[in-house]
Amino acid sequence: MLLGRLCEAVGLPGQEGEVRAILREELGGRVDEMRSDTIGNLIVRKGPAGGPRVMLAAHMDEVGFLVSGFTKDGCLRFVKAGGTDDRVILTKPVLVGPQRLPGVIGSRPYHLETDKDREGPVKGDKLCIDIGCTSKEEAERKVKLGDPVVFDTCFAEFGEGYVKGRALDDRIGCAVLAEVLKQDWSVPVWGVFTTQEEIGSRGATIAAYSIQPEMGIALEGTVSADVAGVDNDGLVTEPGKGPAIGIMDSGSIPNRKMLAQVVGLAKQHGVPFQFRRTTSGGNDAGPIQRTQAGAATVTISVPCKNIHSPVAIASMSDFDNCVKLVGLFLKSVEGGFRA
Amino acid sequence: MKDLIRKFVEAYGPSGYEDKTRAVIQDEVEKYASGISVDVLGNLIALKKGDGTGKKIMIAGHMDEIGVIVLSIDDNGFLRFSNVGGLNPAVVLGQRVVFENGTTGVIGSERVDDLKDLKLEKLFIDIGAKNRQEAEAKVSVGDMAGFHLPMVDLGTRLVSKGMDDRIGCAVMALAMQRMGRTPNDCYFVFTVQEEVGLRGARTSAFAVSPDLGIALDVTRTGDTPKSITMAVGLGKGAAIKVKDASIVVHPKVKNLMTETAKKHGIPYQFEVLEAGGTDSGAIHMTKEGVPSGVISIPTRYIHSQCEMVDLRDVEACVNLLVKILEGPVNL
């Protein structure tokens, strides 16, 4: 399963090479143009070169950590790359560096904590990673400063049509985009697997300037608070109830006509959908909207529980419906689109 | 002048939903423009052509106003919402809001014992619906509402929602009406989505590619009881911006404004705004850079439904803008 391979690849912001290689292999020979640019975006065209360009963006990078130093006893100091909650870090198994060296994020045991210690999560900068070394020299031989660190998580299908894995944000968007690009289109579809979204949508900014699209769709794995203890008003999105269409976030407000078109198509064709019921967060739609003289954009996301944690959860029916909805939109703009 | 301001400020138009406001403004300015267009983000661009010997000047005022966006609708028909632009929970509690289709609601709150706990999450909109079904017939998740109150005429001072920045749009419309022959190609851009990050100005400035940028926007004052320290006051003239959080005004643009005001006896004051930004923040960083400045309309109680301006300041802003645009610009 492509999604499984993508989720187990390591791709921190600026180090997306493994993910890019998988996508290159998957799409090789099945698209009309494929190149990567200076910042590492993988830019793929499907369909004719002329006509109103639609840019679809899914980001390859994931949040994680970078090795920032060594302790005398051979453990690793680390810093965050992108936003990870301190509450999910303690005691987790991780993979370090390109050779995927196993490590464990250390913590004092419960027995030794005082009541005050237990009041809040331990800050990430107070922790270190144990890689089973006993001296700084030994650790330095195995690991380099700046090496990526990710949670050690196996991807798996479970339950009725659900998947769990690391980095569903946004490998699930990458997998949606790959499926879309395997189909044939009569409008120029520019699929961009972007870099560095988690630290400010930097890849999308560069790619959008170069493609200069008329329309843009960000394909995301997005937040869901569909967990115990959250009342109905605060769920934001619910896995299994269809792709989540953005209403506004910190990066952009969707183009009204394009939004109405996407919602109308979903209703007309009986594709389940939900609105993303928050204005928090941002994604690649922002820089696409504001590139050059501007573009019409929307965001369509697959809801993911436990986002930015060791293991996220998503529904494959949402995935399928996301592919379907994007396809319906691309078909609908064959005759042109006036935003 | 009051009628024009009333039409502008009372129009509906939170960020991204400026269509109705744009129609009102377009109707007013079309007759003074040699060309008019609307771009993909919704910016209204009205050109007043010069005689071909001058500069290309972009004048920007934003059409959008702050508002609220519906996040969810509950079984009893209450709407939870988030802010569009900067919104103080204490300012919106108990106020009326109106949606684009005319649906009106009031903002209520959960029980809050300490005002410090008053957060937007505690508030809801009541549109008088008895249940979810009735509410969903009128509004949808993602719909936006703006403040709903008529403008009040206090004589030389006016109070309304939406002065930020329809008063800037009004200054631009009045300048288009009054200005005579000019060497400069003047692009009057009524921008979208300023309140959420200067977005319309960014893309329109790229398209216009001006030699000089001038934003017209409101600025706060320091002339109310125990206010923050700020030199700007109501009735003291057009405020020539020196700096805010988005721009350090190009000294030559500041001088151009100051010299023009002095030459024509237009009352002016300097403005240093510690927080906040305007469209010039986006314009001056466009392409290889655009010298830019701001003429600000002093306004009390910004981002409330009771924004207050003084007509003498508005008049001074119009005069200053007209004189700058009519004259040769040498930077």
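Only a predicted model underlies this, so the values are computations on that prediction, with no experimental measurement involved.

### Notes on the overall build of chain A
(1) Moving on: A tally of helices and strands in chain A yields 8 helices and 17 strands.
(2) Moving on: Whereas a compact globule of 339 residues would reach a radius of gyration of roughly 20 Å, chain A reaches 21 Å, a difference of no more than 12%.
(3) Moving on: Principal axes of the C-alpha set define a box for chain A whose edges measure 65 × 45 × 35 Å.
(4) Moving on: Look at the contacts in chain A between residues 6 or more apart in sequence, and 76% of them connect residues 24 or more apart.

### Details of the overall build of chain B
(1) Moving on: Within chain B, the secondary structure is distributed over 9 helices and 17 strands.
(2) Moving on: The C-alpha atoms of chain B give a radius of gyration of 20 Å, which matches the 20 Å a tight globule of 331 residues would have.
(3) Moving on: C-alpha extents for chain B along the principal axes are approximately 65 × 45 × 40 Å.
(4) Moving on: Within chain B, buried positions represent 53% of all 331 residues.
(5) Moving on: Within chain B, residue pairs in contact and separated by at least 24 positions form 76% of the contacts whose partners lie at least 6 positions apart.

### Side note on the nonpolar core
(1) Moving on: Of all hydrophobic cores here, the largest spans 168 residues; its most connected members are A:V176 and B:V171.
(2) Moving on: In terms of residue count, the dominant contributor to this core is helix α5 (residues 163-178) of chain B (10 residues).
(3) Moving on: Residues A:M248, B:V92, B:F99 and B:F147 belong to the second largest nonpolar core, which totals 28 residues.

### A few points about the pairing of strand β5 (residues 78-84) of chain B
All names here are of chain B.
(1) Moving on: Most of β5 is tucked away, with 5 of its 7 residues classed as buried.
(2) Moving on: Where strand β4 (residues 67-73) meets β5, 6 bridges bridge the pair, whose relative direction is antiparallel. Along β5, the bridge assignment pairs V68 with N83.
(3) Moving on: Taken together, β4 and the strand that follows it, β5, pair antiparallel across an intervening segment of 4 residues, in which G77 is found at a positive phi of about 90°.
(4) Moving on: Of the pairings in the sheet, the one linking β5 to strand β8 (residues 123-126) comprises 2 bridges and is antiparallel in character. Pairing of L79 across the sheet is with I125, part of β8.

### Overview of helix α5 (residues 202-211) of chain A
Quick reminder: α-helices carry 3.6 residues per turn. Residues three or four places apart thus point the same way.
All names here are of chain A.
(1) Moving on: With respect to burial, α5 is a largely interior element, 8 of its 10 residues being buried.
(2) Moving on: All buried positions along α5 are accounted for by R202, G203, A204, T205, I206, A207, A208 and I211.
(3) Moving on: In this fold, the buried residues of α5 make contact with β2 (42-46), β3 (54-59), β12 (189-194), β13 (215-223) and α7 (285-289).
(4) Moving on: Q212, located one to two residues past α5, shows a positive phi value of around 55°.

### Regarding the domain arrangement of chain B
Residue and element names in this part refer to chain B.
(1) Moving on: According to the domain assignment, chain B consists of domain 1 (2-65 + 161-326) and domain 2 (67-147).
(2) Moving on: Each side of the interface is counted separately: domain 1 has 13 residues, and domain 2 has 13 residues.
(3) Moving on: Looking at the side of domain 1 that touches domain 2, its residues break down into 4 nonpolar, 5 polar and 4 charged.

### A short note on the interface of chain B and chain A
(1) Moving on: Every contact between the two is made by 21 residues of chain B and, on the other side, 17 residues of chain A.
(2) Moving on: It is helix α6 (residues 199-208) of chain B that contributes the most residues to the side of chain B that touches chain A, 5 residues altogether.

### Description of the pairing of strand β9 (residues 144-147) of chain B
Residue and element names in this part refer to chain B.
(1) Moving on: Strand direction decides the pairing type here: β4 and β9, joined by 2 bridges, are antiparallel. Within β9, the residue paired with I69 across the bridge is M144.
(2) Moving on: In terms of strand pairing, strand β6 (residues 96-99) meets β9 through 3 bridges, oriented antiparallel. Across the sheet, residue V97 finds its bridge partner in β9, namely F147.

### A look at the packing of helix α1 (residues 2-10) of chain B against α5(B)
Residues and elements named next belong to chain B.
(1) Moving on: Two elements in contact, α1 and α5, have axes whose closest approach is 9 Å; the angle formed by their N-to-C orientations is 140°. Judged on the interaxial angle alone, α5 and α1 are oblique. In terms of crossing hand, the pair formed by α1 and α5 is right-handed. Note on element contacts: α5 touches α1 through M163, R166, I167, C169, A170 and A173, opposite L4, I5, F8 and V9.
(2) Moving on: Class assignment of the residues belonging to the contact of α1 with α5 gives a composition of 9 nonpolar, no polar and 1 charged.

### Thoughts on the domain arrangement of chain A
Note on interface size: it is often stated as the accessible area lost on association of the parts.
All names here are of chain A.
(1) Moving on: Assigned domains within chain A: domain 1 (2-62 + 166-332) and domain 2 (64-151).
(2) Moving on: Its C-alpha centre places domain 1 at a distance of 31 Å from the equivalent point of domain 2.
(3) Moving on: Between domain 1 and domain 2, the residue contacts involve 11 residues of the former and 13 residues of the latter.

### Some words on the packing of helix α7 (residues 251-263) of chain B against helix α9 (residues 311-326) of chain B
Residues and elements named next belong to chain B.
(1) Moving on: At a minimum axis separation of 10 Å, α7 and α9 run at an interaxial angle of 110°. By the angle between their axes, α7 is roughly perpendicular relative to α9. Packed against α7, whose contacting residues are L256, M257, T260 and A261, the element α9 presents L320, K323 and I324 at the interface.
(2) Moving on: For the contact of α7 with α9, the per-class residue count stands at 5 nonpolar, 1 polar and 1 charged.

### Structural notes on the environment of B:K241
(1) Moving on: As for its position among the elements, B:K241 is in strand β14 (residues 238-243).
(2) Moving on: Those residues in contact with B:K241 that lie beyond four places of it in its chain are B:V249, B:E271, B:L273, B:G293, B:V294 and B:S296.

### Some points on the sheet that holds strand β7 (residues 104-109) of chain B
(1) Moving on: Sheet architecture is closed into a barrel: 6 strands sit in the order β4-β5-β8-β7-β6-β9 (chain B), paired in antiparallel fashion. Across this sheet, the average inter-strand angle for adjacent strands is 45°, counted without regard to direction.

### A look at the confidence of the model for chain B
(1) Moving on: Taken as a whole, chain B shows an average pLDDT of 97; of its residues, 100% reach a score of 70 or greater.
(2) Moving on: The ipTM, which scores confidence in the relative placement of chains, is 0.90 for this predicted complex, and the corresponding pTM is 0.93.

### Quick notes on helix α2 (residues 19-29) of chain B
Residue and element names in this part refer to chain B.
(1) Moving on: Those residues of α2 that fall on the buried side of the exposure criterion are T21, R22, V24, I25 and V29. Taken down its axis, α2 places every buried residue within 160° of arc, on the same side.
(2) Moving on: Structurally, α2 contributes buried residues whose contacts are with α1, β2 (44-48), α5 and β12 (185-191).

### Quick look at the sheet that holds strand β6 (residues 93-96) of chain A
The strands making up a sheet associate through backbone hydrogen bonding, with each pair oriented either parallel or antiparallel.
All names here are of chain A.
(1) Moving on: Spatial ordering of the closed barrel is given by β4-β5-β8-β7-β6-β9, a layout of 6 strands whose pairing is antiparallel.
(2) Moving on: Here β6 runs beside strand β9 (residues 148-151); their pairing, made up of 3 bridges, is antiparallel. From the neighbouring strand, V96 faces β9, where its bridge partner is V149.

Definitions and limits used
Residues numbered from 1 in each chain as written. Chains lettered and ligands numbered in written order. Predicted model: local features only at pLDDT ≥ 70, side-chain atom pairs only at ≥ 80, totals over all residues. Helix = DSSP H or I, 4+ residues; strand = E, 2+ residues; numbered from the N terminus. Rg over C-alpha atoms; globule rule 2.2 N^0.38 Å. Contact = placed C-beta atoms within 7 Å. Buried ≥ 20, exposed ≤ 12 C-beta atoms within 10 Å, placed from the backbone. Core = buried A, V, L, I, M, F, W, Y, C linked by C-beta atoms within 7 Å. Pairing = 2+ DSSP bridges. Domains from an automatic or database assignment. Nonpolar A, V, L, I, M, F, W, Y, C, P; charged D, E, K, R; others polar. Axes fitted to C-alpha atoms, helices over the stretch in contact; angles between N-to-C directions. Parallel < 35°, antiparallel > 145°, perpendicular 65-115°, else oblique. Left-handed = near helix turned anticlockwise from the far one by under 90°. pLDDT = per-residue confidence, 0-100. Arc of directions from axis to C-beta.

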